[in-house]
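Observations on the model geometry
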Amino acid sequence: MSYYYRVRIAYKGTNFHGWQAQTADVSDEALPSVQGTIHRVLRKISRYQDCTISGTSRTDAGVHAAGQVGKITLPTDIEPATLLRGLNSMLPESIRILACSRCAPEFNAKVGATSKEYHYYFSQDPVLNPLIADVVAPVPGPLDLARLQETAQLFVGTHDFYSFCRRSSNAATTVRTVFSCGLVAVTNEHLMAGVCILRVVGDGFLKQMIRYMASTLFAVARGSLSATDVAAHIGAQQETKLCAKAPARGLHLVSIQGL
């Protein structure tokens with residue numbers, strides 16, 4: 001008999017090679033993944049019986065999460081609160097289970113999300129505070145944030161984002177719907193002073209899509225690209241990118257709705 005749990009997971013992705021385990025056997029990952037790290041702890045908890053952990057979003061290497069959703073399958077019945085405490089006591093400090101509850105066997109963390117929200121944290125400060133340097137991307141300025149905000153609206157709607165992603169055989173289509181895109185805050189709190197946040201919400205995202213969108217907006221804000229350049233690239237299925245993708249460290253998965 002199997003027992004099923006829905007979990008909400010936070011992790012600092014700096015030292016992980018993304019969410020997804022690179023091999024079926026996670027006992028000795030050459031490049032540690034978040035999924036593989038959790039799976040190894042689950043195996044210890046289940047006394048090396050069969051168990052699984054799946055997640056909704058396959059975040060890339062160096063990307064962080066505060067709201068990853070996962071499904072755990074175990075061969076033994078453990079109270080959710082006990083499982084949460086056990087996992088957090090054995091996981092590295094860079095991964096935490098924030099919530100754990102029982103779920104139906106048919107719950108699938110990979111299917112059914114209605115929206116995902118990502119934030120891209122960046123700073124124009126030439127000397128970035130070392131306390132936040134691995135979760136905030138340095139973006140050389142000066143940036144015209146008003147121009148960035150205006151151009152960000154071009155991404156809103158249903159478009160073919162072929163030109164703003166890394167090719168992936170897993171994507172049946174490169175059409176996605178972006179519900180909102182734009183700056184939401186410029187923080188003034190001492191630790192995050194001067195940090196800007198680009199918020200993007202959509203029904204789903206292609207591989208590295210938000211990082212390409214962010215770098216494109218930064219180029220517009222610097223004046224090296226125009227809004228017209230961006231508009232012409234959306235839906236055009238161009239092989240050549242407008243610019244290199246933004247660094248992974250600034251990207252955070254904030255929440256997933258519908259699961």
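Description of the structure in this document.

Turning our eyes to something else, we now look at the overall build of the protein. Across its full length, the protein holds 5 helices and 10 strands. Taken against the 2.2 N^0.38 rule, which gives 18 Å for 259 residues, the C-alpha radius of gyration of the protein at 19 Å falls within 12% of a compact globule. Judged by the C-alpha coordinates and their principal axes, the protein covers about 60 × 40 × 30 Å. Residues classed as buried in the protein amount to 49% of the 259 residues present. Here the contacts in the protein between residues at least 6 apart in sequence split such that 71% fall between residues at least 24 apart. Per element, the accessible surface of the protein, about 12200 Å² overall, is 52% carbon and sulfur.

Another point: the side chain of Asn-88. Turning to its location among the elements, Asn-88 is positioned in helix α2 (residues 80–90). Aside from chain neighbours lying at most four places away, what touches Asn-88 is Ile-95, Arg-96 and Ile-97.

What follows deals with the pairing of strand β3 (residues 64–74). The element β3 is extensively covered by neighbouring structure, given that 10 of its 11 residues are classed as buried. Looking at chain direction, strand β1 (residues 3–11) and β3 are connected through 8 bridges and run antiparallel. Within β3, the residue paired with Tyr-5 across the bridge is Ile-72. Looking at chain direction, strand β2 (residues 52–55) and β3 are connected through 4 bridges and run antiparallel. Each bridged residue has a counterpart across the sheet, and for Ile-53 the counterpart in β3 is Ile-72.

On to helix α4 (residues 209–222). For α4, spanning 14 residues, the distance from its first C-alpha to its last is 20 Å, which sits close to the expected 20 Å at 1.5 Å a residue. The element α4 is largely enclosed, with a buried count of 13 among its 14 residues. At the C-terminal side of α4, Gly-223 shows a positive phi close to 95°.

About the criteria used
- Once a new chain begins, its residue numbering starts again from 1 and follows that chain's sequence as written.
- Per-residue local features are limited, in this predicted model, to residues with pLDDT of at least 70; the limit for side-chain atom pairs, both in listing and counting, is 80 or more; totals at the level of whole chains, interfaces and linings are taken over all residues.
- Neither water nor hydrogens contribute to the side-chain values; these are computed over all heavy atoms in the structure.
- Secondary structure elements are defined from DSSP: runs of H or I of at least 4 residues count as helices, runs of E of at least 2 residues count as strands, and each element is numbered from the N terminus.
- Radius of gyration: C-alpha atoms only; globule rule: 2.2 Å multiplied by the number of residues to the exponent 0.38.
- When accessible area is computed with a 1.4 Å probe and restricted to protein chains, residues below 20% of their type maximum are described as buried, those above 50% as exposed, and intermediate ones as partly exposed.
- Residues count as neighbours in contact if any of their non-hydrogen atoms are within 4.5 Å of one another.
- The protein chains shown are the only cover counted for residues, whose accessible areas, like all others here, come from Shrake-Rupley with a 1.4 Å probe.
- When DSSP locates at least two bridges between a pair of strands, those strands are taken to pair.
- Helices are assigned an expected span. That span is 1.5 Å times one less than the residue count.

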